[in-house]
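Here are the chains, one letter per residue:
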Amino acid sequence: MEIFVQQLINGLVLGSIYALVALGYTMVYGILELINFAHGEVTMMGAMVALTVIGLLLGLNPELPGLLVVLAGVLIAVPACMLLAFAIEKVAYRPLRRAPRLAPLITAIGVSIVLQNAAMLIWGRQYISFPQILPQMSFTVLGAHVTSLQIFIVLLCMTMMAGLWWLVQKTRLGRAMRATAQSKEVAMLMGVDIDRVISATFVIGAALAAIAGVLVSAYYGLAHYYMGFMLGLKAFSAAVLGGIGNIAGAMLGGLLLGIIEALGAGYIGDFTGGFLGSHYQDVFAFFVLILVLVFRPSGLLGERVASRA
Amino acid sequence: MSLLTIRQLKVAYGGIQAVHGVDLVVEEGELVCLIGANGAGKSSTLRALAGLTHASGDIRLAGRRLNGLPAHAIARLGVALVPEGRGIFARMTVAENLAMGAYTRRDAGVADDLTRVYDLFPRLAERRGQVAGTLSGGEQQMLAIGRALMSRPRLLLLDEPSMGLAPLMVGKIYETIQAIAGTGVTMLLVEQNAHLALQVSQRAYVMESGRIRLAGASAELMRDPAVQSAYLGA
């Protein structure tokens, strides 16, 4: 029972981070039908920029309050990633808007490799550790161990997702985004400048990714130039699991994938008599993804409306 | 000055010429129709006007050149196209579709115009919270027209509003088009159903293989033997 609750909590934390990153994949896919493989790298850049700022500030004055230092890191990382995503869309994807679908997809993989290598050149190959400056408290819930950071991560992710939901459902920009996703041509007829809407979509996704990057590096205490790859792959899987293109689906898919992964990691040893260990958690997550896609190819909440307006 | 002046409009799709130099004028407050058979280039003309298709020639709205402007900029100048096939946002509610029609507007008159559209189409008022994809074809056409009106257009372009609708619904839509024209909205109507279009319009252009073949007052064209045999089945 303690293991179950513990893994459920761990999964919830991981899952809410996956969900935040998955939103970026699903929003871009919803509008452009493009899988933006560079999105994982944007997340990595968020972590790297924030850690650099944190390192610089602590270098100047190690006595600065930890929470403030991390906040400063986030405040620099978010606009940096927004700018990066804006540039990626403009330079790499926009010229290919009318090209066959494979072209932007390959470009996305190219952008991802470029960003990884750029990060390697700037920050090196070694792991960068997240300094232990955040106040840490821990609680015991039903026999499981919960840290203040875990609670903070889940609450922040939920708040951001609620904010995004409000933006997409209730604001003028959100309505324009949904209109553009349904028909670019008709959206233009309504006076929507779709280039701006597409830019906005990338930029909003990048802001969420930057925060997710900082959270994940704070959670694991590490950042690395290659961290965006697996995180991006998991988040993309989460988006597919929930039904790519569907915003609620990305949130659900992220949480589910995190929980499934954590529970899988917790119990896989028992199930297989110790033959497979918890390092098989990645395999477990992808196995569930395949299983869902066999029975529901469009994902849990995905439904392609047959006639696109 | 005429509200809309088109001179020598040419549209080509990858080497295939769809429109071969069309001249057309619409005066303020007029309802003008453009009739012709399938493939005559009527829709291409409208799409070029709205900025959805690249075209050469000269298109002017109240003297301002529209060629080369992106579609959203043309929409902001007051040209509203109700596209062929209606083009409603199927996954948005009726109310959200209408709000999209007023996307470019920030004036205080939007609420009044919404009331006016709901008065014009009471069916839409009943279904305002319903997802537009669940509406019938006729209701979707009403929504598309209502949405275009929400932009308070200087020029309303209608592309085949009768297409795919039951005869009863076609009658209703055309009554509404006349009612809208009665409020002073300038309209250019493209229609394959020549009979209907000639009845509601003041002037008409007949298009054939990408060219204007005939032009004149609708009432006269209706009596023209060539028009009768080719388009009215007389």
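The sections below set out a description of the structure shown in this document. (Residues numbered from 1 in each chain as written. Chains lettered and ligands numbered in written order. Predicted model: local features only at pLDDT ≥ 70, side-chain atom pairs only at ≥ 80, totals over all residues. Heavy atoms only, no water.)

## Describing the overall build of chain B
Under the convention used in this document: A helix here means a DSSP run of H or I that spans at least four residues, while a strand means a run of E at least two residues long, and both kinds are numbered starting from the N terminus. Only protein chains enter the accessibility calculation, which uses a 1.4 Å probe; a residue is then buried when its area is under 20% of its type maximum, exposed when over 50%, and partly exposed in between. Contacts between residues were defined by any pair of non-hydrogen atoms, one from each residue, lying within 4.5 Å. A 1.4 Å probe and the Shrake-Rupley method give the accessible areas. Residues count as covered only by the protein chains that appear here. Positive charges are assigned to Lys and Arg, negative charges to Asp and Glu, while His and the chain termini are left out of the count. Charge positions come from single atoms, namely NZ of Lys, CZ of Arg, CG of Asp or CD of Glu.
Helix and strand content of chain B: 10 helices and 10 strands. Overall, chain B is about 45 × 40 × 35 Å in size when its C-alpha atoms are taken along their principal axes. Here chain B holds 234 residues, and 54% of them are scored as buried. Looking at chain B alone, contacts between residues at least 24 apart form 67% of all its contacts between residues at least 6 apart. When the accessible area of chain B is evaluated, it comes to approximately 9700 Å², of which 51% is carbon and sulfur surface. Charge centroids of chain B, computed over 24 positive and 20 negative side chains, lie 6 Å from each other.

## Notes on the pattern of salt bridges
We count it as follows: The rule for a salt bridge is simple: a side-chain nitrogen of Lys or Arg has to be within 4 Å of a carboxyl oxygen of Asp or Glu.
All told, the structure shown has 19 salt bridges over all chains when counted by the stated rule. Through salt bridges that share partners, Arg105(B), Asp107(B), Asp113(B), Arg116(B) and Arg152(B) make up one connected network.

## Some remarks on the side chain of Thr147(A)
All names here are of chain A. Under the convention used in this document: Whenever two N or O atoms come within 3.5 Å, that pair is a polar contact, provided that in protein one can donate a hydrogen and the other can accept it, and provided that, for residues adjacent in sequence, both atoms are side-chain atoms.
Tracing the sequence through the fold places Thr-147 in strand 3 (residues 144-147). Within polar-contact distance, the side chain of Thr-147 engages the backbone nitrogen of Gln-150 at 3.1 Å. Ignoring anything within four residues of it in the chain, the contact list for Thr-147 reads Gln-136, Met-137 and Ser-138.

## Thoughts on the pairing of strand 2 (residues 138-141) of chain A
All names here are of chain A. Let me state the cut-off plainly: Any two strands with at least two DSSP-identified bridges between them are counted as paired.
Pairing analysis gives 4 bridges linking strand 2 to strand 3, with the strands arranged antiparallel. In the sheet register, Val-141 faces strand 3, and the bridge partner there is Ala-144. In this antiparallel pair of consecutive strands, strand 2 and strand 3, the connection spans 2 residues, and Leu-142 shows a positive phi of 50 degrees.

## Section: the environment of Ile3(A)
Residues and elements named next belong to chain A. Assignment of secondary structure puts Ile-3 in helix 1 (residues 2-32). Separated by 45 residues in the primary sequence, Ile-3 and Met-48 place their C-alpha atoms 33 Å from one another. Sequence-distant contacts of Ile-3, defined by excluding residues within four places in its chain, comprise Gly-266 and Tyr-267.

## As for helix 4 (residues 110-120) of chain B
Note that an α-helix has 3.6 residues per turn; residues three or four places apart therefore point the same way. Residues and elements named next belong to chain B. To be explicit about the condition: Taken from the helix axis, the directions to the C-beta atoms give the arc we talk about.
Along helix 4, the residues classified as buried are Asp-113, Val-117 and Tyr-118. Projected onto a plane normal to the axis of helix 4, the buried residues spread over an arc of 140 degrees and lie on a single side. Helix 4 presents Ala-111, Arg-116 and Asp-119 as exposed residues on the side facing more than 90 degrees away from its buried surface. In the core, the buried residues of helix 4 are packed alongside helix 3 (94-101), helix 5 (122-126) and helix 6 (137-149).

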